[in-house]
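Residue-level listing of the chains:
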Amino acid sequence: MKKVMTGHKAVAEAMRQIEPDVVAVYPITPQSEIAEYYAQYVADGIVRTELVPVESEHSAMSACVGAAAAGARVITATASQGLALMVEILYIAASMRLPIVMALANRALSGPINIHCDHSDAYLARDSGAVQIFAESAQEAYDYMLMAQRIAEHKNVRLPVIVNLDGFTLTHSSQVVETLSDEVVKGFVGDYEPFYPLLDVDNPTVWGPFAMPDYYFELKRAQQAGMEAVPEVFLGVQGEYSKLSGRNYKGFFEAYKLDDAERVIVVMGSTAGTAKVVVNELREKGERVGLLKVWLWRPFPRKEIADALAGKKAVAIMDRAISFGNMGALYLDITSAFAGREGPVFVNYIYGLGGRDVPAEHIVQVFEGLKDAEPGELRYIGLRE
Amino acid sequence: MPSVKVLAQRQEQRGSRFTGGHSLCSGCAEPMIVRTVLNTIEDPVVVANATGCLEVASTRYPTSAWNVPWIHTAFENAAATIAGVEAAYKALVRKGKIDRKIRFVAFAGDGGTYDIGLQALSGALERGHDFLYIVLNNEAYMNTGVQRSSATPRGANATTSPAGSVIPGKPEDRKDLTEIVVAHRVPYVAQASVSNLIDLANKVEKAIKYEGPKLINVYSTCPLGWRTPWDSAVKIAKLAVDTCYWPLYEVEEGRYRVTYKPKEKLPIEEWLKPQGRFRHLFKSEKGKELIAELQEAVDRHWEELLMKERCTQGEG
C-alpha cells in the first residue's frame, strides 16, 4: 500500500508489523517520534510488545541486552548523544551475538550541541561489531528495518544491526512509502528462535563471563566470523525481500549510471538522492558521471566496491563526518580496498556537518572538482572559508 | 523466621545454585550472602550480576560457579539488565511462550549501586520491574583495590582517600542508599548483614512475596579491604550491627521495623578498633575527635530510625 509518511512513521510502521517482544527506548531529537508512535501502539493495544521507557540510552541498550539474552526479539532507536551513551553496551551486545535491531536517526555529535544530520554518530559505532546499513529514503528505511531483522537473527550472523536514516532529512520529511501487508511481513520475519535463552531455566547459561588473555582473543575472532557471514546472508535476504516487495534490492550498494561513468561520487544516506538528480542533469549534457551509494557499510564490502570503481578516472568519496587527524572513514575504507591494485584518482570530500545543507550545486561542484583532482586530496564542500 | 535447621535444609536442596570453586578470597562474606539469598527462593531464578568481585571470581571463562541462568553486562547497569530480562519474561508470558513463575535477582556491590549504577537502579525502581536487588555492601571498590566509594565510612583509609599526615582518611560521610530506595516508595526495602543470616533469609522470604522492585542492602565484610583477620567476617559485621552503625531494619509498604535491637548498644570504637582501615584514628587527637563525631552520627541516625519505626508502625 502506498502512503505519504515521514521516515519516523515508516520505521514505526515496520516495527509495528514486526511486533518485537521488547522495545527499550529513550527520547532524543530527531528520533523521539519513533518512540512516540510505538508507545501509542502499545497504549492502544495494537501490539503486545513490552515497552521499557528507560531513564537513559545506556539503560536502553542494557535492557535490550538483558531482554535479547533472555530470548526476546528486541528493537530500539536512538541518535547522536544517545548512541554515544549506548556505545559501551553496544560493544557488549555484539560480543554476546545478540540480534538487536536499531534505527539510528543520524545526528551530529556534540559539541557544539546540534540536532541536525551528519554521520558522526554512525562513525562512532563503526568498530562496535554492529552491522551498519544506510538508507537513502523513508522507503529504504522501512525496507531495511524489515530486512535487518532477518540479517540480525540469521544463525550465522547473530549480531546487532543498525539501520541509519538521516536525521530530519529523512526522519521528518514526508515521502511516498509503499508498505507490505502485515501478513506478508509476519511471514517474512517469521517466528523468533532464540539461542540459549536465559529464560530456559532448566538449562542454565552464563552470559557475559570474564575472559582473560587465554581466551579473549579467540572469542573476538569468533565474533569476527559473525561479521564475515553477513554478506552472503545480506544478499539472500535482499533477494527474498525483492521478490516479496517488487523493489529491486541487489548488492551491497546501488550503482547508479556507474557502468560507463568516468567521474564517480560515492556517498551514503539521503545525499544520494540529490546526487542522482545531478547525475541525470550532467548526463544530459553529455558528461560521463555516475554514483555509487553504499547500503552495507559494516561489514565493508571491500572487494565488490573496489571492483565497481576499478577503471574509473576519478572518484569523490564523500564523508559526512571528520575523522580528526586523518581522511574520512569511508575514504579510508575504499582506498584501503585498492591496496596493491591500480585505482582511480581518489579525493575525499567532507560535507554536510551538523546539518549543513547539501544542495544540487554542491554535488555539481564535486563532479567539476574531479576534473582537476590531485590524488589523496582532502576537500570540504559547503564550508564557508 | 526460618530456623538454622531450615537454612541447612535449603542448603541441601538448593545450595548448588552457587557452587564452590570460585576464586573469591578466603573469608569473603559474599558467598554466604549469595547462597542465603538463592537458597531462600523456591522458584527458578535468573541472576544479573554487576561487574565486581563476585562476577570476576565466579565466571572466569570457561568456568562458572553458577547453576542458575546468569548474565553480566557491565558495571553500572545490573538494574537495567535485569529490567530487560524481566520485560522479556512479561512479553513471553503474555504471548503464551512461558507459563511458569521465574524470579529475577540482581547482585551488585556498593560501587555498582551507590555510585555508578545509581541512575539505572533509580530508573528500574521507578518503572516497577519485578525484581530483587541485593547490594553486596563492602564499603569500597574492593575489586579494583580498595578505592573509596560513596558507601565508604567517614575516616576510613581507602586507596583514593588515604589516611595522610594532613587528612585522616575519607573526609565525607557515607551516602544513605537504603533511604534513597525507600524514597522510591517500592514495596520492600531492607538492611541486612552477613552476621545475621536468618534475618537475611527472612527478609528475602518477605521481599519475594511482593510484586515489583525490592532491595536489600547487605553488609558484607571484606577482610582484605578492611584489614581484618580472615576468619572475622561474621564477627566484624556483628559489631557493625551491635554498635548500631549498621542497623538491621526493613521498610515494608512504607512501614519501618527494626528487626534487631541490641540489648546493649556498643560504643563505635568496638567496631572501629579491629579494623586496619581505621587504625590511624586512634593515633591522633584529630582522629579521636573524628571517632566522637562518628559516635554522634550513629546515635542520631539510630534515634531517627527508632522514631521512623514509631511513626509508621503506630504505638504498640
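Residues numbered from 1 in each chain as written. Chains lettered and ligands numbered in written order. Predicted model: local features only at pLDDT ≥ 70, side-chain atom pairs only at ≥ 80, totals over all residues. Heavy atoms only, no water.

Participant: I'd like a rundown of the packing of aromatic side chains, residues and numbers included.
Facilitator: This model, assessed by the stated rule, comprises 25 aromatic pairs over all chains. Aromatic side chains Phe75 of chain B and Tyr141 of chain B sit 6.1 Å apart centroid to centroid with 80° between the ring planes, which places their arrangement in the edge-to-face category. A residue pair is termed long-range when its members are at least 10 positions apart, and Phe75 of chain B in the loop between β2 (70–71) and α4 (78–94) and Tyr141 of chain B in the loop between β4 (131–137) and α7 (177–182) qualify at 66 residues. Grouping aromatic residues by their ring pairs yields a cluster made of Tyr144, Phe188, Phe234, Tyr241, Tyr249, Phe252 and Trp295 of chain A. Taking NZ or CZ as reference, Arg174 of chain B lies 3.8 Å from the ring centre of Tyr245 of chain B, over its face. (Phe/Tyr/Trp six-rings, centres within 6.5 Å; stacked < 30°, edge-to-face > 60°. Helix = DSSP H or I, 4+ residues; strand = E, 2+ residues; numbered from the N terminus. Lys NZ or Arg CZ within 6 Å of the ring centre and 35° of its normal.)

Participant: Talk me through the confidence of the model for chain B; I want residue IDs and the actual numbers.
Facilitator: Any region with low pLDDT has predicted coordinates that should not be read closely. Per-chain confidence: chain B averages 97 in pLDDT, with 99% of residues scoring 70 or above. We note a pTM of 0.97 for the whole complex and an ipTM of 0.97 for its interfaces. (pLDDT = per-residue confidence, 0-100.)

Participant: Give a description of the interface of chain A and chain B that names residues and reports values.
Facilitator: Each partner contributes to the interface: chain A provides 44 residues, whereas chain B provides 40 residues. Counting each side, the surface lost to burial between chain A and chain B is near 3400 Å², with a carbon and sulfur contribution of 64%. Our count for the contact surface shared by chain A and chain B stands at five salt bridges. Residues Lys90 of chain B and Glu50 of chain A are paired through a salt bridge, measuring 3.8 Å at the closest nitrogen-oxygen approach. (Contact = heavy atoms within 4.5 Å. Buried area = accessible area lost by both parts, 1.4 Å probe. Salt bridge = Lys/Arg side-chain N within 4 Å of Asp/Glu carboxyl O.)

Participant: I'd like a rundown of the packing of helix α1 (residues 7–18) of chain A against helix α7 (residues 182–189) of chain A, residues and numbers included.
Facilitator: Residue and element names in this part refer to chain A. As a packed pair, α1 and α7 sit with axes 9 Å apart at the nearest point and diverge in direction by 70°. Considering their axes alone, α1 and α7 lie roughly perpendicular with respect to each other. The way α1 lies across α7 gives a crossing that is right-handed. Each of Arg16, Gln17 and Ile18 in α1 lies in contact with α7, whose residues at this interface are Asp182, Val185, Lys186 and Val189. Taken together, the residues that form the contact of α1 with α7 break down as three nonpolar, one polar and three charged. (Axes fitted to C-alpha atoms, helices over the stretch in contact; angles between N-to-C directions. Parallel < 35°, antiparallel > 145°, perpendicular 65-115°, else oblique. Left-handed = near helix turned anticlockwise from the far one by under 90°. Nonpolar A, V, L, I, M, F, W, Y, C, P; charged D, E, K, R; others polar.)

Participant: Provide a residue-level description of the sheet that holds strand β1 (residues 45–49) of chain B, including the pertinent values.
Facilitator: What the nine strands build is an open sheet, ordered β9(A)-β2(B)-β1(B)-β3(B)-β4(B)-β6(B)-β5(B)-β7(B)-β8(B); its pairing is mixed. Edge positions in the sheet fall to β9 (206–207) of chain A together with β8 (255–258) of chain B, since each has one partner strand and no second. For β4 of chain B and strand β6 (residues 213–219) of chain B, the ladder comprises seven bridges, and the chain directions are parallel. In the strand pairing of β6 of chain B, Phe131 of chain B is matched with Pro213 of chain B. Contacting β1, β2, β3 (103–109) and β4 of chain B, α4 of chain B runs over the sheet at an angle of about 170° to β3 of chain B. (Pairing = 2+ DSSP bridges.)

Participant: Go over the packing of helix α1 (residues 4–14) of chain B against helix α2 (residues 30–40) of chain B, please, and point to the residues and values.
Facilitator: Angle between the axes and distance between the axes are the two parameters that describe a pair of packed helices. Residues and elements named next belong to chain B. Their axes nearest at 9 Å, the elements α1 and α2 cross at an angle of 85°. Taken together, the axis directions place α1 and α2 in an arrangement best described as roughly perpendicular. Side by side, α1 and α2 meet where Arg10, Gln11 and Arg14 of the first sit next to Arg35, Leu38, Asn39 and Thr40 of the second.

Participant: Tell me about the state of the cysteines, and name the residues and values.
Facilitator: In the structure shown here, the tally under the stated rule is zero disulfides over all chains. Take Cys311 of chain B: it sits in no disulfide, and the sulfur closest to it among the cysteines is that of Cys244 of chain B, at 18 Å. (Disulfide = S-S within 2.5 Å.)

Participant: Break down the nonpolar core for me, with residues and values.
Facilitator: As a rule of thumb, nonpolar side chains are buried together in soluble globular proteins. Among the nonpolar cores identified, the biggest contains 219 residues, and Leu199 of chain A together with Phe107 and Ile216 of chain B are the most heavily contacted of them. Residue contributions to this core peak at eleven residues, all from α4 of chain B. Built from parts of two domains, this core gets at least three residues from each of domain 1 (2–245) and domain 2 (254–381) of chain A. Val278, Ala314, Tyr349 and Ile363 of chain A belong to the second-largest nonpolar core, a separate cluster that totals 23 residues. (Core = buried A, V, L, I, M, F, W, Y, C linked by side-chain atoms within 4.5 Å. Buried < 20%, exposed > 50% of the residue type's maximum accessible area, 1.4 Å probe, protein only. Domains from an automatic or database assignment.)

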